[in-house]
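The chain contents come next:
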Amino acid sequence: MSETNAQGTPRLDRRPEWQALAKHGGELSGTHLRDLFDRDPDRGSRYTLQVGDLHLDYSKQLVTDETLRLLRELAAATGVFELRDAMFAGERINVTENRAVLHTALRAPQSATIAVDGQNVVPAVHAVLYKMTVFADRVRSGEWTGHTGKRIRNVVNIGIGGSDLGPAMAYEALRSYTDRGLTVRFVSNVDGADLHEAVRDLDPAETLFVIASKTFTTIETITNATSAKQWLLGGLGAGDEAVAKHFVALSTNAEKVAEFGIDTQNMFEFWDWVGGRYSFDSAIGLSLMIAIGAEAFRSMLAGFHLVDEHFRTAPPEHNVPLLLGLLGVWYGGFHDAQSHAVLPYSHYLSRFTAYLQQLDMESNGKSVDRDGKPVDWQTGPVVWGTPGTNGQHAYYQLLHQGTKLIPADFIGFARPLPELGPLAGQHDLLMANFFAQTQALAFGKTPDEVRAEGVPEELVPHKTFRGNHPTSTILATELTPSVLGQLIALYEHKVFVQGAIWNIDSFDQWGVELGKVLAKRVEPALTEGADVPGLDPSTKALVAKYRELRGR
Ligand code: F6P
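Everything numeric in this text was worked out from a predicted model, so none of it was measured. (Residues numbered from 1 in each chain as written. Predicted model: local features only at pLDDT ≥ 70, side-chain atom pairs only at ≥ 80, totals over all residues. Heavy atoms only, no water.)

This paragraph deals with the overall build of the chain. Each helix and strand in the chain was counted, giving 23 helices and 13 strands. Taken against the 2.2 N^0.38 rule, which gives 24 Å for 552 residues, the C-alpha radius of gyration of the chain at 25 Å falls within 12% of a compact globule. Projected onto the principal axes, the alpha-carbon positions of the chain cover approximately 75 × 65 × 60 Å. The burial tally for the chain puts 52% of its 552 residues in the buried class. For the chain, restricting intrachain contacts to residue pairs at least 6 apart in sequence, the fraction spanning at least 24 positions comes to 73%. For the chain, the accessible surface area stands at approximately 23,500 Å², while carbon and sulfur atoms represent 53% of it. The averaged location of the 66 negative side-chain charges in the chain is 3 Å from the averaged location of its 51 positive side-chain charges. (Helix = DSSP H or I, 4+ residues; strand = E, 2+ residues; numbered from the N terminus. Rg over C-alpha atoms; globule rule 2.2 N^0.38 Å. Buried < 20%, exposed > 50% of the residue type's maximum accessible area, 1.4 Å probe, protein only. Contact = heavy atoms within 4.5 Å. Areas by Shrake-Rupley, 256 points an atom, 1.4 Å probe, with all protein chains shown as cover. Lys, Arg positive; Asp, Glu negative; His and termini not counted. Charge placed at Lys NZ, Arg CZ, Asp CG, Glu CD.)

Printed below as a string of structure tokens:
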């Protein structure tokens, strides 16, 4: 393996900064979080940062001032800041697709100037936002009616991956901000059951389909959209002339939208410099905007922008996304952590981790560097998690007493949403669990503490908690649209930092292609029993079994 990359700089694991961290990690191994707090009782207040409404406590991380210093040196040496500036400036940092990476332009104020190939993209961004606003207002006010003149009461978003997860997650997160008179559903799975369940109780005359697809070629989305069109026209007993009032498209591909039969007047545009998993601030957010209204949507964008500005300008010692990214590099690179848990203590954030799975794992699930050379270091972790208290009664056992090191982010809010009324009284109990868990994970319970409770000796090992499990705590006052935007931008930039250090292209997704191509090839084998060349013997036998069970 060559010692240098294409720019002539040393590969990551040959860098002195990396090696210094490896040495430091060795020296720190065996040091318990209990020791770190004994040595530095002020950690709890010293190891905190603030960005916007988000308070970060990282005192329960397995780091010292020296660790943080070395990690920041690694960031500087690996060009994180230069790459960050290049991203914000619209340079083509997505090298394998030769594209700019400008989701930050989607939430830039109208006065900003951000150029791609010499062209300021901000006016186009705001023109689309304006078009979305007008349309969302017309649907919400009842002015936009269906083919029969009935008011639209149902919005069904059809999309997958980045064209689904963002708006679906945010719709759940911001439910209490939504117009409760509207039914909003999200269909992504090509399993017909998804669309069936989404529309079975809806009146086609009152239903608007929002077809979200950057490429407008994604087979799942086009299949579901075609079926939705049949359902609608069948239900209305109408011809194609009804499509215009019931279908809108969110896409970069006007040609394919027109081919599908949607008038491009009813298309909300975005651009190839917006990656699918970074697209939810673009036109892809239309279903959400219809649900929560343009004002709340813009407030969410302002939350994103606030964190963008922080990431772009805050010094490294105070830069929250930088720190979170560095912590991930620390655990993956020097503690062999394989996964990362994100545990929101908010029912409204039930889809948040699912959203982060695409953001993080599609971005950083790579094993060659930007020059195409295999990496010798761990890249993106498995990201997982569900709302906290449910997890406590399911998988937290493994977090507390299993054999794995799993760094976790705990996300909680000081105030329940006003809508909860008398149920707001349960919030303190929820948050008592939130605080208790990070304490238990960090400090555990020693054998002596267990014995002191009179536990019989043979049960002492079973009731001992090793502790030393690292967590970050992110606390905000309330889950508002702006806070949601801040949280997402925080993770976007964390993922960016890690990709930059690992020297991978965080903005392509070639790994999803092979399965797509094979599925296309396998389908005729299932439907017609066609002899598909290149099928391996295992898959061939499975296909034969499938056909037998299917009665073909
Ligand atoms: O298959 C992966 C992917 O390309 C994602 O990156 C993307 O978010 C998703 O498919 C949907 O793509 P599209 O918006 O083009 O339908």
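We describe a pair of aromatic rings using the distance from one ring centre to the other and the angle between the two ring planes. Taken as a whole and assessed by the stated rule, the structure comprises 26 aromatic pairs. Measuring from ring centre to ring centre gives 6.4 Å for F88 and F311, while their planes differ by 45°; the resulting arrangement is tilted. With F88 in helix α5 (residues 80-88) and F311 in helix α13 (residues 294-313), the pair connects residues that are 223 residues apart, well separated along the chain. You'll find F88 and F311 in the same group, each marked buried. Between W384 and Y395, the aromatic rings sit 4.9 Å apart at their centres with planes inclined by 75°, giving edge-to-face as the arrangement. Of this pair, W384 sits in strand β11 (residues 382-384) while Y395 sits in the loop between α16 (388-392) and α17 (396-401); the two residues are eleven residues apart in sequence, bridging distant segments of the chain. By relative accessible area, W384 is classed as buried at 19%. (Phe/Tyr/Trp six-rings, centres within 6.5 Å; stacked < 30°, edge-to-face > 60°.)

Further remarks concern the sheet that holds strand β7 (residues 207-212). Across a sheet, paired strands are connected by hydrogen bonds in the backbone, their directions being either parallel or antiparallel. In spatial order, the strands read β6-β5-β7-β8-β9; together these five strands make up an open sheet with parallel pairing. Every interior strand has two partners, whereas the edge strands, β6 (183-187) and β9 (267-269), have only one. Between one strand and the next, the sheet's axes are offset by a mean angle of 20°, whatever the strand orientation. Bridging between β7 and strand β8 (residues 247-251) involves four bridges; their strand directions are parallel. In the strand pairing of β8, F209 is matched with F247. (Pairing = 2+ DSSP bridges. Axes fitted to C-alpha atoms, helices over the stretch in contact; angles between N-to-C directions.)

On domain assignment, one finds that the chain holds domain 1 (32-89 + 314-502), domain 2 (106-297) and domain 3 (517-550). Its C-alpha centre places domain 2 at a distance of 35 Å from the equivalent point of domain 3. (Domains from an automatic or database assignment.)

When two helices pack together, their arrangement is given by the angle between the helix axes and the distance between those axes. Packing of helix α22 (residues 513-527) against helix α23 (residues 537-550) leaves a shortest axis separation of 9 Å and a crossing angle of 40°. Here α23 runs oblique to α22, going by the angle between their axes. In terms of crossing hand, the pair formed by α22 and α23 is right-handed. Judged by residue contacts, V522, A525, L526 and T527 of α22 engage V543, Y546 and R547 from α23. Considering only residue class, the contact of α22 with α23 consists of five nonpolar, one polar and one charged. (Parallel < 35°, antiparallel > 145°, perpendicular 65-115°, else oblique. Left-handed = near helix turned anticlockwise from the far one by under 90°. Nonpolar A, V, L, I, M, F, W, Y, C, P; charged D, E, K, R; others polar.)

Within the secondary structure, L102 is located in the loop between α5 and β3 (115-116). Classification of L102 as buried rests on a relative accessible area of 0%. Distance from L102 to W271, taken between C-alpha atoms, is 9.5 Å for residues 169 residues apart in sequence. Sequence-distant contacts of L102, defined by excluding residues within four places in its chain, comprise M87, F88, G90, I114, V116, V121 and W273.

Put simply, the largest pocket is a space of about 1,100 Å³. Around the largest pocket, the lining is made up of 42 residues, and of these T215, T218, V512, E513 and K516 lie nearest the centre. For the lining of the largest pocket, the secondary structure elements donating two or more residues are α9 (219-236), α15 (352-364) and α22. Sort the elements by how many residues they give to the lining of the largest pocket and α22 lands first, with seven residues. Taken together, the residues of the lining of the largest pocket break down into 15 nonpolar, 16 polar and eleven charged. Summarising the domain contributions, the lining of the largest pocket has at least three residues from each of domain 2 (106-297) and domain 3 (517-550). (1 Å grid on protein atoms, 1.4 Å probe; cavity = no way out; pocket = protein on both sides within 12 Å on 5 of 7 lines; lining within 4 Å. Points joined across faces, edges and corners; volume = space filled by probe spheres on them.)

Here the focus is the site of the ligand. Within the structure, the ligand sits among 14 residues, and S163, S213, T215, T218 and E362 are positioned closest to it. The separation between an oxygen atom of the ligand and a polar side-chain atom of T215 is 2.6 Å. Interatomic distance of 2.7 Å between a side-chain N/O atom of E362 and an oxygen atom of the ligand. Within the complex, 88% of the 400 Å² of free accessible area of the ligand lies under protein. A molecule is said to occupy a pocket when more than half its atoms come within 2 Å of that pocket's grid points, and by this definition the ligand occupies the largest pocket. Each residue belonging to the shell around the ligand can be placed in one class, and the counts come to two nonpolar, nine polar and three charged. (Near = heavy atom within 4 Å. Polar contact = N/O pair within 3.5 Å; in protein donor to acceptor, adjacent residues only side chain to side chain. Sits in = over half its atoms within 2 Å of the grid points.)

A few words on the pattern of salt bridges. Counted according to the given criterion, the structure contains 31 salt bridges. A salt bridge links E492 to R107; its shortest N-O distance comes to 2.6 Å. Note that E492 is positioned in helix α21 (residues 481-502) and R107 in the loop between α5 and β3, a separation of 385 residues in sequence. Side by side, E492 and R107 carry an identical accessibility label, which is buried. The partner of R175 in a salt bridge is E172, and the shortest N-O contact between them spans 2.9 Å. Its relative accessible area of 28% is what places R175 among the partly exposed residues. Using a relative accessible area of 22% as the deciding quantity, one classes E172 as partly exposed. Overlapping salt bridges, with partners in common, bring together R107, D281, D308 and E492 in one network. (Salt bridge = Lys/Arg side-chain N within 4 Å of Asp/Glu carboxyl O.)

Once that is clear, we can look at the packing of helix α1 (residues 16-28) against helix α14 (residues 320-334). Following both chains from N to C, one finds α1 and α14 inclined at 75°, their axes separated by 11 Å at the closest point. By the angle class used here, α1 and α14 are roughly perpendicular. Contact residues: W18, L21, A22, H24, G25 and L28 in α1; V329, W330, G333 and F334 in α14. Its residues placed into classes, the contact of α1 with α14 shows seven nonpolar, three polar and no charged.

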